[in-house]
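The lines below spell out each chain.
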Protein chains: 2
Amino acid sequence: MPFPLDRQSPTPLVQQLTDHLQAWIEHQRLRPGARLPSIRTLAREQSVSASCVIEAYDRLVAGGWLEARHGTGFFVAECKPASVHDDPPAWGEAVDGSWRQFREGHDDLLKLGCGWLPNSWRADAELAQAIRQVSRGNPQDLFDYCPPLGLASLRQQLHKRLAAVGIAASPERILTTQGASHGLDLLVRTLLQPGDTVLVENPGYYNLYNLLRQHQVNMLPVPRTADGPDLAELERLLGEHRPRCFFTNSLYQNPTGTSLTPKVAYRLLELAREHDLRIIEDDIYADFQEGPATRLATLDSEQRVIYLASFSKTLSSSLRVAYLVADPALLARLAELKMVSGIGTSRFAEQVVGHMLANGSYRKSVQRLRVRLGQHRAKLLGQLERYGWEVFCEPHGGMFVWARVPGRDVASLEQLALHDSVLLTPGSAFDYQGASSEWLRINVAYGQDSRAQAFLQQAGLPRESVGTGSL
Amino acid sequence: MPFPLDRQSPTPLVQQLTDHLQAWIEHQRLRPGARLPSIRTLAREQSVSASCVIEAYDRLVAGGWLEARHGTGFFVAECKPASVHDDPPAWGEAVDGSWRQFREGHDDLLKLGCGWLPNSWRADAELAQAIRQVSRGNPQDLFDYCPPLGLASLRQQLHKRLAAVGIAASPERILTTQGASHGLDLLVRTLLQPGDTVLVENPGYYNLYNLLRQHQVNMLPVPRTADGPDLAELERLLGEHRPRCFFTNSLYQNPTGTSLTPKVAYRLLELAREHDLRIIEDDIYADFQEGPATRLATLDSEQRVIYLASFSKTLSSSLRVAYLVADPALLARLAELKMVSGIGTSRFAEQVVGHMLANGSYRKSVQRLRVRLGQHRAKLLGQLERYGWEVFCEPHGGMFVWARVPGRDVASLEQLALHDSVLLTPGSAFDYQGASSEWLRINVAYGQDSRAQAFLQQAGLPRESVGTGSL
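Residues numbered from 1 in each chain as written. Chains lettered and ligands numbered in written order. Predicted model: local features only at pLDDT ≥ 70, side-chain atom pairs only at ≥ 80, totals over all residues. Heavy atoms only, no water.

Here we come to the relation of the copies chain B and chain A. Superposing chain B onto chain A requires a rotation of 180° together with a translation of 0.1 Å along the rotation axis, leaving an RMSD of 0.2 Å. Here the symmetry operator amounts to a two-fold rotation axis. No C-alpha of chain B approaches the rotation axis more nearly than that of Arg132(B), which lies at 2.9 Å. Interface overlap between copies: 99% of the residues of chain B at the interface are likewise at the interface in chain A, consistent with a symmetric, same-surface contact. (Least-squares fit on C-alpha atoms with pLDDT ≥ 70 in both. Contact = heavy atoms within 4.5 Å.)

In structure tokens:
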């Protein structure tokens, strides 16, 4: 299957490859049911990057030409696409890069940089039981719309949970959202206008960058240090610009795994007061921490902090249940937008989560996750040191380790990883401008997989060539 | 409990009433657990509208001062709100009016104008079974994010359903959304800029008006006739303005219940071609029709029509599963926004719906609904005629009848309805500018309730005083 690819052509290689494959299928040189070469094989044969093959296969799956079969690879679809004249979707840049991890069809690769825990770690029995109980309960939960602020019984549970970590939020200050990203979207649409300027952490959460870009909001990057945001740079930016707000993760920041120290937190709130800055504290890794921790919403006495949290990381990304806490006037505007833009959240999903909060099964399952994550993190950190990786800062909790092999560029690491069937999430995805970076986000939950171990060991540097070690 | 209300004060009556009630609770003149007077009683005592009392009670529930107990009324909360210094949310206009039907606490009133079917009509056993089956199935459905376009297996089912009504849409042209409102939101954000002008049907869907207003889009109203949109007015508006698109319900339009005729449909598509107008066909009542019907998406040969449909009306509003069909280039942009603004839909909910499509239980349950709706519609139309109501146009399907008592204003009807424990959705909610209207939307599924019958009979005019009858 050698296709002639024209490297001088204005048509991108990925489109050329897609077109060639599609033509072969149309002309039956690849028959229905036939298995396509593996990503690595085709990348080698055509002398293109593995990303290019992944992208081409994805487009053909989206176009109905190929089928991705769980764990076994890509196959020519049994029937031709219904509408053969449709162009395959022209995925934008954001979908090309960051969303690759959400696509179907790469189940054979270990997603070492992904943002979720393995399903085998999750509370499957408890969640399934809660779902079945709600399905047998009040028919309202099966059929009805949810009230604007969210299900009252869930907000009551959330109020108690927040009180336990020192955040005083009465139920009427809590709004449920369909994932924290939905909460961020409601906030951006309500608080910001195109042309406004905000502060973001860098490296940080790529979907927030995408969202702000989509809304034509200017971002000023605040570097993330081991103690939280870099306050000197933050103060300088506050002096020179008039940013509307600052988006931050206090605990186990994505992607660095670092947490805010009390000293930085106090000074940050002081600066916020001086410059009348609103802070949006995205605390989606909150429940990976047991007991009290340094959070801005806990210290805030003037409703300057908007707090977001979610059940996607600890319980289920499928249910889409999250929430935010804001002052009542803002909350009313957010609730109105929530209704206007989607008539609210899923009552069923909220009842399921409320059920697990009320019967204690959520608390117990998160406790198990914390223990397991802690064991895997400790093991991985030891291995990374032995294998010659540099770790940005040893995290005390959460899912992520931010690490690099000094001097190794990501493209060569990506190639090496694919040889071990490991898919990396490029470090550039966590830069607010997509700048290339040597750093990689590693999800500790996948670190002990034999594929990850093979890659991490091969990619590392011999001990003697490692420089200054971790910061 | 007589409060001194100042009718000359700039403070709205509803706020005065809320403040008085809150003060009584704070000073323990109303003790925890005490039952509040019924809406009718307090409205009579204070000489205010029932809407005013409803609003005040709602605010106090939202503020944690009152509790609404299913079917029994409003009670003083057992414990004071956690944060007594929070103001109750200052609900905006949209939330005040149209969203009242979504609030908790009016379970004692029959919502005769609501937009959903009674839970007792729904396929509860089949839905609960599908939920339990999915909960025991693939753990991915319990835990994982959904791919950008939506679950592939569901989109495959939707492709087949669409083919059955003559809409050729390959799975890669289908995007799932969390309710049709979410689809409309994605479209408005992608296709329109603040200041743009669009055409809307009038009367029409209030949430669309709210959404367009929220996005600062100008609306031009196209009157709805018994045959579909008023083409003369539409053509005039196309000539004078350059609207970007036209939003329409083809079947069983909300609120008039009217359907597009083939003649109007063809001419509408001609006009759209001449003026390069995009049409957004919101077909959420599609499944209330069996077999072929006149739809723009069926006739459209140039991808000018964007088609939306939903499972909220027929299966469940709680699950939030809907979809839209658009050309691939637009679909890719919508999918990107969908991910950026919420990381997709609920995989669990989509799997449940896909399951019911695949095993035929959805088809059978919708068939039952159609029969039952047809019987109730026929009965209600006969009664309305006998009771002296005027019907805009006798609908052939769907949930709604658009009716009035000539010469009776809505305020007096609302008052009369509350005496019979019936809550009306004011006709003004369906006007694009909120203009008052004599017309009422009646949901036929609730028409045979004894409260509805009492109201409809009392509100009607004696036969001899009825004028020209139905249009």
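Attention now goes to the environment of Phe400(B). Residue and element names in this part refer to chain B. By the element assignment, Phe400 lies in strand S13 (residues 400-404). We classify Phe400 as buried; its relative accessible area is 1%. Taking the C-alpha atoms as reference points, Phe400 and Trp116, separated by 284 residues in sequence, lie 9.9 Å from one another. Each residue touching Phe400, except ones within four places of it in the same chain, is listed here: Cys114, Gly115, Gln253, Asn254, Pro255, Gly257, Tyr285, Pro395, Arg441, Ile442 and Asn443. (Helix = DSSP H or I, 4+ residues; strand = E, 2+ residues; numbered from the N terminus. Buried < 20%, exposed > 50% of the residue type's maximum accessible area, 1.4 Å probe, protein only.)

Here the focus is unusual backbone geometry. All names here are of chain A. Omega for the bond connecting Asn202 with Pro203 falls within 30 degrees of zero, at 0°, which places this linkage in the cis form. Residue position: Pro203 is located in the loop between strand S5 (197-202) and helix H9 (206-214). Despite not being glycine, Tyr252 shows a phi value in the positive range, around 50°. Here Tyr252 is to be found in the loop between strand S8 (245-248) and helix H11 (262-274). By relative accessible area, Tyr252 is classed as buried at 4%. At Asp276, a position not held by glycine, the phi torsion is positive, near 50°. Turning to its location among the elements, Asp276 is positioned in the loop between H11 and strand S9 (278-282).

The subject of this paragraph is the sheet that holds strand S10 (residues 305-310) of chain A. Strands sit in the order S4-S11-S10-S9-S8-S5-S6-S7 (chain A) across an open sheet of eight strands; the sheet is mixed. Looking at strand neighbours, the two that pair on one side only are strand S4 (174-177) and strand S7 (228-229) of chain A, the edges of this open sheet. (Pairing = 2+ DSSP bridges.)

The subject of this paragraph is the environment of Thr225(B). Residues and elements named next belong to chain B. Here Thr225 shows up in strand S6 (residues 218-225). Given the relative accessible area of 26%, Thr225 is considered partly exposed. C-alpha of Thr225 to C-alpha of Glu201: the two residues are 24 residues apart in sequence and 9.8 Å apart in space. Apart from residues no more than four positions distant in its own chain, Thr225 is found in contact with Asp230, Thr258 and Phe392.

With that settled, the discussion passes to the pairing of strand S15 (residues 440-443) of chain B. Residues and elements named next belong to chain B. Side-chain alternation along S15 places Leu440 and Ile442 on one buried face and Arg441 and Asn443 on a second face that is also buried. Note: S13 against S15, four bridges, orientation antiparallel. If you follow Phe400 over to S15, its bridge partner there is Asn443.

Okay, the pattern of salt bridges next. All names here are of chain A. If you walk through the whole model with that rule in mind, you get 42 salt bridges over all chains. With a closest N to O distance of 3.3 Å, Arg244 and Asp196 form a salt bridge. Of this pair, Arg244 sits in the loop between helix H10 (231-240) and S8 while Asp196 sits in the loop between helix H8 (180-191) and S5, and the two are 48 residues apart along the sequence. Looking at Arg244, the relative accessible area reads 42%, which means it is partly exposed. Note that Arg267 and Glu270 form a salt bridge whose closest N and O atoms lie 2.8 Å from each other. Remark: Glu270 and Arg267 occur in helix H11; sequence separation between them is three residues, near one turn of the helix. In this structure Arg267 comes out as partly exposed when scored by relative accessible area, which is 26%. By relative accessible area, Glu270 is classed as partly exposed at 37%. (Salt bridge = Lys/Arg side-chain N within 4 Å of Asp/Glu carboxyl O.)

Residues and elements named next belong to chain B. The strand order across the open sheet formed by eight strands is S4-S11-S10-S9-S8-S5-S6-S7, and the pairing between neighbours is mixed. With partners counted over all chains shown, the strands left at the sheet margins are strand S4 (174-177) and strand S7 (228-229), one partner each. Note that S6 and S7 share two bridges and pair antiparallel. The residue of S7 that forms the bridge with Thr225 is Gly228. Along the sheet face, helix H9 (residues 206-214) touches strand S5 (197-202), S6 and strand S8 (245-248) and points at about 160° away from the line of S5. (Axes fitted to C-alpha atoms, helices over the stretch in contact; angles between N-to-C directions.)

Residues and elements named next belong to chain B. Where helix H8 (residues 180-191) contacts H9, the axes come no closer than 11 Å and their chain directions differ by 30°. In this view, H8 runs roughly parallel relative to H9, as classed from their interaxial angle. Read as a crossing pair, H8 and H9 show a hand that is right-handed. Note on element contacts: H9 touches H8 through Asn207, Leu208, Leu211 and Leu212, opposite Ser181, Leu184, Asp185 and Val188. (Parallel < 35°, antiparallel > 145°, perpendicular 65-115°, else oblique. Left-handed = near helix turned anticlockwise from the far one by under 90°.)

What the domain assignment lists for chain A is domain 1 (13-92), domain 2 (124-362) and domain 3 (366-465). Look at where the C-alpha atoms of domain 1 of chain A and domain 2 of chain A centre, and you get two points 39 Å apart. (Domains from an automatic or database assignment.)

Another point: the side chain of Thr248(A). Residues and elements named next belong to chain A. Inspection of the secondary structure puts Thr248 in strand S8. The buried category is assigned to Thr248, whose relative accessible area is 4%. Side chain to side chain, Thr248 and Glu201 meet in a polar contact 3.1 Å long. (Polar contact = N/O pair within 3.5 Å; in protein donor to acceptor, adjacent residues only side chain to side chain.)

Considering all chains together, one arrives at 27 aromatic pairs over all chains under this definition. Taken together, a centroid distance of 5.1 Å and an interplanar angle of 85° make the contact between Phe3(A) and Trp24(A) edge-to-face. Of this pair, Phe3(A) sits in the segment before helix H1 (13-26) while Trp24(A) is found in helix H1, placing the two residues 21 residues apart along the sequence. Here Phe3(A) matches Trp24(A) in class, with each residue buried. Aromatic side chains Phe311(B) and Tyr323(B) sit 6.0 Å apart centroid to centroid with 40° between the ring planes, which places their arrangement in the tilted category. With Phe311(B) in the loop between strand S10 (305-310) and strand S11 (322-325) and Tyr323(B) in strand S11, the pair connects residues that are twelve residues apart, well separated along the chain. The two residues Phe311(B) and Tyr323(B) agree in class, both being buried. Taken together, the aromatic side chains of Tyr205(A), Tyr206(A), Phe392(A), Trp402(A), Phe430(A) and Trp439(A) make up a single cluster linked through ring pairs. (Phe/Tyr/Trp six-rings, centres within 6.5 Å; stacked < 30°, edge-to-face > 60°.)

Looking now at the interface of chain B and chain A. Across the boundary between the two partners, chain B contributes 79 residues, which contact 79 residues of chain A. Interface of chain B and chain A: buried area, both sides summed, is about 6,800 Å²; carbon and sulfur atoms make up 60% of it. When the buried surface of chain B facing chain A is broken down by residue, Phe143(B), Tyr145(B) and Val340(B) rank first, second and third, together holding 12% of it. Viewed at the interface, chain A and chain B are joined by two salt bridges. Between Arg189(B) and Asp185(A) there is a salt bridge; the shortest N-O distance is 2.8 Å. Put simply, chain B and chain A have 27 residue pairs in polar contact (both at pLDDT 80 or more) between them. Put simply, the parts of the chain that give the side of chain B that touches chain A at least two residues each are helix H4 (93-96), helix H5 (124-136), helix H6 (139-143), helix H7 (152-164), H8, H9, helix H13 (328-340) and helix H14 (347-358) of chain B. (Buried area = accessible area lost by both parts, 1.4 Å probe.)

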